[in-house]
Structure formats: C-alpha cells, structure tokens
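# Summary of structural features
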Amino acid sequence: MPLRIPDKLPAIDILMRENIFVMDNSRATTQDIRPLRIVVLNLMPLKITTETDLIRLLSNTPLQLEVSFMKLQSHTPKNTPIAHMMSFYEDFATMRNQKFDGMIVTGAPVEHLPFEEVSYWDEVTEIFEWAKTHVTSTLYICWAAQAGLYYHYGIAKHPLKEKMFGVFEQTPLLPLLPIFRGFDNHFNMPHSRHTEVRREDISQNEALTLVVESEYSGVGMVMARGGREFFIMGHLEYAPNTLDTEFKRDWGKRTDVSLPQHYYPNNDPTQPPLVTWRAHANLLFSNWINYYVYQETPYNINDIK
C-alpha cells in the first residue's frame with residue numbers, strides 16, 4: 001500500500017527512483033480507504049533530508065499512511081527554504097485539535113544546552129504533553145528521546161567524555177516484544193551524540209522499560225505506557241552517507257570529531273560506508289506501525305517476559 005504525502009514534496013521524486021511507491025494527496029483522494037495518520041515534528045536542520053529518510057522507512061508497510069509535517073512557531077529554521085516550510089509544514093497551533101495514529105519527533109542540534117535553555121522548549125514540551133492524549137504511539141529520536149524522557153519522567157541527560165559517533169551493535173532485551181518481531185539477536189544502529197541517559201536512572205523508574213542496550217553505546221531504546229511511547233537514542237533512519245557527510249563536514253574544523261566507528265571498511269574514509277542497519281530499521285518501523293499504531297494494543301511487559 002502506498003504512502004500518502006503532500007503534493008510536490010521533494011522526497012517523492014527521490015523515493016520513486018528507489019522504486020518506493022508513494023502517492024500524493026491529489027491521487028489519494030480517489031482512494032476509499034481511511035489511511036493511518038502520521039505526524040512528524042521535524043526538528044533537524046536539514047528538513048528535506050530528514051523527510052526523505054523517514055518516509056523511506058514508513059513506506060515498508062502494507063497499510064496506507066497519510067504523513068503530515070509539523071513545525072514550531074517559536075523557531076525559524078535556517079537551513080531549509082521558507083517556501084518549503086510554508087508549502088509542506090503546519091504550525092502546531094493549527095494542528096492541536098487533530099488526532100493522529102502515530103507521531104515521530106526527530107533529533108535536534110541543541111544537546112549542548114540544558115533543556116530549559118532551548119529557545120523552543122516551552123512549545124516542544126506543550127507538544128509532548130498534547131501527544132499523550134492526541135496520538136496513539138509516539139517515536140522520540142535522539143535529542144527528542146532525551147528531551148521526552150526528561151519532560152515526562154525526569155530522566156537527566158549526562159555529557160559524554162567523547163562523542164558517541166559510529167554504528168554500534170545493539171541487543172533487544174525483550175526479544176518477544178512485538179516491536180522486535182523478526183529481529184536477530186543483535187542489530188546495528190548509527191549514533192551521533194554528545195550526551196547520554198543512564199541505565200540506572202531508567203531502571204529506577206517503574207514507568208520505563210529498557211528494551212535495547214549496547215555494551216558500548218549504552219541505553220539504546222526505552223519503552224513507556226505499553227508502547228505508546230518509544231525513546232530511541234540512535235538514528236536508525238539515517239541514510240548510508242549521513243555519518244560520512246557529518247564527519248567530512250566537521251573534520252579539521254572541530255576538536256571533538258573522530259572517525260565514526262564500525263562504519264568505513266578498514267576504517268578508511270575514502271571508501272564507501274558499510275550499511276549494516278537498514279534491514280532492521282525497516283523492520284522496526286514496520287512493526288511500530290503494525291503493532292502499536294494500527295492495532296492500538298498496549299503491551300503488558302509482565303506478559304512478554
């Protein structure tokens with residue numbers, strides 16, 4: 001089943017060249033099917049890149065999805081044309097009376113700041129609160145995952161001595177949980193962050209369940225409210241060249257930049273990166289849509305263990 005996305009969104013041409021079936025709104029109006037409504041709060045600076053990455057993953061489901069994009073009134077992006085934002089994004093204020101089946105909140109390049117010092121903190125936390133009653137299941141990614149855990153559950157973030165940068169092996173701790181249906185014993189996930197949340201803080205909060213962990217990168221994924229909230233510390237949505245672009249952008253310009261680990265063959269940045277996470281990324285997003293967005297079933301952890 002195709003995705004239903006806004007007419008003329010740049011991602012359409014890119015994904016059609018990848019043989020991914022997408023359908024713009026003009027064609028979708030002829031379909032007598034109630035699509036699942038997914039809203040993306042896109043806080044990443046390169047909006048078009050993130051849109052394409054997420055739509056690529058959302059496309060791998062037999063269910064029809066209608067994808068909308070939300071923006072903040074309290075923040076004006078500097079790296080995306082205003083015309084693009086005006087054409088494809090709506091302010092939260094105009095969407096707050098709507099309900100959605102699923103929501104994705106992306107990372108943001110503000111992790112060096114205390115949460116309360118982020119210029120749009122008040123608005124973004126208002127959206128976090130709104131999602132509890134207006135969204136069936138929400139995926140929080142990277143900075144948004146840390147921000148969501150802090151706002152909803154009081155979990156602090158902690159600075160890392162060195163940037164967590166590369167692709168790291170993850171272990172599902174509850175492999176029978178539907179979000180991991182079809183997963184192997186281990187899977188890889190890209191990371192690019194300077195802060196972390198800690199296992200001991202998660203384990204002390206009865207409302208939270210640690211569901212993915214890594215020997216090297218630590219907490220990988222946390223679940224709350226029976227699957228109505230997932231907090232993912234890495235970037236399964238990343239395209240093959242995203243870490244490469246980030247590394248080559250910052251190399252020689254910043255003192256905290258090192259080679260991304262487990263990414264280039266033989267650690268040689270002149271070679272194309274190894275893509276080792278895409279299959280599990282597709283599977284996780286498909287499972288989320290099927291079992292937590294579409295079937296709307298909260299899962300009792302005690303029944304899964």
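Residues numbered from 1 in each chain as written. Predicted model: local features only at pLDDT ≥ 70, side-chain atom pairs only at ≥ 80, totals over all residues. Heavy atoms only, no water.

### Concerning the overall build of the protein
For the protein, the count of helices and strands is eleven helices and twelve strands. Counting only residues that meet the buried cut, the protein has 58% of its 305 residues in that class. The contacts of the protein with a sequence gap of at least 6 include a subset with a gap of at least 24, amounting to 73%. For the protein, the exposed surface amounts to about 14100 Å²; the carbon and sulfur share of it is 49%. (Helix = DSSP H or I, 4+ residues; strand = E, 2+ residues; numbered from the N terminus. Buried < 20%, exposed > 50% of the residue type's maximum accessible area, 1.4 Å probe, protein only. Contact = heavy atoms within 4.5 Å. Areas by Shrake-Rupley, 256 points an atom, 1.4 Å probe, with all protein chains shown as cover.)

### A look at the packing of helix H3 (residues 47–58) against helix H10 (residues 278–294)
Relative orientation of the contacting elements H3 and H10 amounts to 70°, with a least axis distance of 8 Å. Of the possible angle classes, the one that applies to H3 and H10 is roughly perpendicular. Along its contact with H3, which presents Leu-54, Arg-56, Leu-57 and Leu-58, the element H10 presents Arg-278, Ala-281, Asn-282, Phe-285, Trp-288 and Ile-289. In terms of residue class, the contact of H3 with H10 is made up of seven nonpolar, one polar and two charged. (Axes fitted to C-alpha atoms, helices over the stretch in contact; angles between N-to-C directions. Parallel < 35°, antiparallel > 145°, perpendicular 65-115°, else oblique. Nonpolar A, V, L, I, M, F, W, Y, C, P; charged D, E, K, R; others polar.)

### Looking at the UniProt feature "binding site: substrate" (unreviewed entry) in the protein
UniProt tags Lys-163, Ser-192 and Arg-249 as "binding site: substrate" (unreviewed entry). Lining residues of the largest pocket drawn from the annotated list: Lys-163, Ser-192 and Arg-249. Along the chain, Lys-163 falls in strand S8 (residues 158–172). Under the relative-accessibility criterion, Lys-163 is labelled buried at 15%. Those residues within four positions of Lys-163 in sequence are excluded, and the remaining contacts are Ser-192, Arg-193, His-194, Glu-246 and Asp-256. A distance of 3.5 Å separates polar atoms of two side chains, one belonging to Lys-163 and the other to Ser-192. Considering the arrangement of structural elements, one finds Ser-192 in strand S9 (residues 187–196). You can call Ser-192 buried: its relative accessible area is 10%. For Ser-192, the contacting residues outside a window of four places in its chain are Glu-111, Cys-142, Lys-163, Met-164, Phe-165, His-235, Tyr-238, Leu-243 and Glu-246. (UniProt positions renumbered as here; feature names shortened; annotations may be inferred. 1 Å grid on protein atoms, 1.4 Å probe; cavity = no way out; pocket = protein on both sides within 12 Å on 5 of 7 lines; lining within 4 Å. Polar contact = N/O pair within 3.5 Å; in protein donor to acceptor, adjacent residues only side chain to side chain.)

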